[in-house]
Amino acid sequence: MPLKAKVLSIGSGIPQGTFTDIFSRHAKAINFIWQRQVISLCSKALCPGHYRIILDCEELSQVHSIAIIDDLIKINGDVLSRKSCSHYQAPVFGEALDNPLLLQQLQNCRDTLSEQWPPLCVGALLSSGSEPQHGFDLALSIKYNEGLKHLADGEFSKAIRCFKGKGYGLTPGGDDFLAGLTLGLAYRQRVEKKSLSEILDLLLFESLSENYLANTFLRQAYDLQPDQDWTDFLLALETSGDVTRAMQRICGQGATSGYDALCGFFAAWEMI
């Protein structure tokens, strides 16, 4: 049965080609493998993104292949309309330098988030006074805190090993933290005109793994091509926009993925 839907958005990073190998399947997103990362076919419940195609539908259980050929998008071989399709492209973020508004917005966000870490997210496991007492969670807390110390000491390779692949979820909390850290450093390099390319290169090279979804988040962060929710957050940091509301949309991503990435993003502002 043909999928009755139209294309709402296609990201600027979506390549031409036919894709049938699936890394992971969910009700609201199917992640197809492409060059050791993924391109995602998503329902309208998810925001537009660099490597996302958003459809005007609720769920995607019928889908087993997609093809992007010139101006056509085919789902299971059926052509979908792109007449009203928008093209998502992250903006080129401006230079803020010593913008006091941006720094104040960052501080407000950190303060807000520190009061609402969900259990077992990276931020909670890094917080003093909330450490678990035993088992795997205690081991995670110890390893994450060790990683944070290595970051503070400039020992980036050691820090990456303390987070990479560690945690819960399809993208473990440690990987989400590293993606947030990479995005934070890439954003700082742009807005503060800092030279952080050597650290960013190291972060990307050593954080990549066999988790192709995590790899996608890392590459987007490195290239400063965040999805719409993160773009709204970054733009709100530079203005008098509602940064708290934008941050809450990020927090809604996955079980704790958004919180974990935000924890890494804030760490990028504290380590240098």
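What counts, and at which threshold
- Every residue gets a number counted from 1 within its own chain, in the order that chain's sequence is written.
- At least 70 in pLDDT is required for a residue's local features to be given in this predicted model, at least 80 for side-chain atom pairs to be given and counted, and no such filter applies to totals for whole chains, interfaces and linings, which use all residues.
- Hydrogens are left out, water is left out, and the side-chain values use all remaining heavy atoms of the structure.
- Any Phe, Tyr or Trp ring, taking Trp's six-membered ring, that has another such ring centre within 6.5 Å forms a pair; planes under 30 degrees apart are called stacked, those over 60 apart edge-to-face, and the others tilted.
- Throughout this description, buried means an accessible area under 20% of the type-specific maximum (1.4 Å probe, protein chains only), exposed means over 50%, and partly exposed covers the range between.
- Between Lys or Arg on one side and Asp or Glu on the other, a salt bridge is scored when a side-chain nitrogen of the former is within 4 Å of a carboxyl oxygen of the latter.
- Secondary structure elements are taken from DSSP: a helix is a run of H or I of four residues or more, a strand is a run of E of two residues or more, and numbering for both begins at the N terminus.
- A strand pair is defined by DSSP finding two or more bridges across the two strands.
- To define axes, lines are fitted to C-alpha atoms, for helices over the stretch in contact only, and angles between the resulting N-to-C directions are given on a 0 to 180 degree scale.
- Any two residues whose heavy atoms approach within 4.5 Å are treated as being in contact.
- Definition of a polar contact: a pair of N or O atoms within 3.5 Å, with one able to donate and the other able to accept a hydrogen when the atoms are protein atoms, and with sequence-neighbouring residues admitted only if both atoms are side-chain atoms.

Quick notes on the packing of aromatic side chains
Across all of its chains, the model carries 14 aromatic pairs by this definition. On the basis of an interplanar angle of 70° and a centroid distance of 5.9 Å, the ring pair of F265 and F266 is categorised as edge-to-face. Residue F266 is classed as buried on the basis of its relative accessible area of 4%. Aromatic rings pair up to connect F93, Y187, W230, F233, F265, F266 and W269 into one cluster.

So, the pattern of salt bridges
Scanning all chains against the criterion turns up ten salt bridges. Across the pair R52 and D227 runs a salt bridge whose closest N-O atoms are separated by 3.5 Å. Of the two residues, R52 is situated in strand β6 (residues 52-55) and D227 in the loop between α7 (212-222) and α8 (228-237); the sequence distance between them amounts to 175 residues. Both residues of the pair, R52 and D227, belong to the buried class. The closest approach of N and O atoms between E155 and K158, which form a salt bridge, is 3.8 Å.

Observations concerning the sheet that holds strand β4 (residues 29-34)
If you trace the six strands from one edge of the open sheet to the other, you get β3-β4-β5-β6-β1-β10, paired in mixed fashion. This sheet does not close on itself; its edge strands, each paired only once, are β3 (22-25) and β10 (86-88). Going from strand to strand, the sheet's axes swing by 20° on average, the running direction of each strand aside. Both strand β5 (residues 37-42) and β6 contribute to a ladder of three bridges, which runs parallel. In the strand pairing of β6, L41 is matched with I53. Sheet strands in contact with α7 are β3, β4 and β5, and its direction is about 95° off that of β5.

Re unusual backbone geometry
If you check the backbone angles, D70 has positive phi at about 55° while not being a glycine. Inspection of the secondary structure puts D70 in the loop between β7 (66-69) and β8 (72-75). Under the relative-accessibility criterion, D70 is labelled exposed at 59%. Positive phi, normally seen in glycine, also occurs at N76, with a value near 55°. Relative to the helices and strands, N76 resides in the loop between β8 and β9 (78-80). Classification of N76 by relative accessible area gives partly exposed; the value is 23%.

A word on the side chain of N31
Inspection of the secondary structure assignment puts N31 in strand β4. Exposure remark for N31: the relative accessible area of 4% places this residue in the buried category. Among the polar contacts made by the side chain of N31, one reaches the side chain of S24 at a distance of 2.7 Å. Beyond its immediate chain neighbours, meaning those up to four positions away, N31 contacts D21, I22, F23, S24, H26, V38, I39, S40 and L213.

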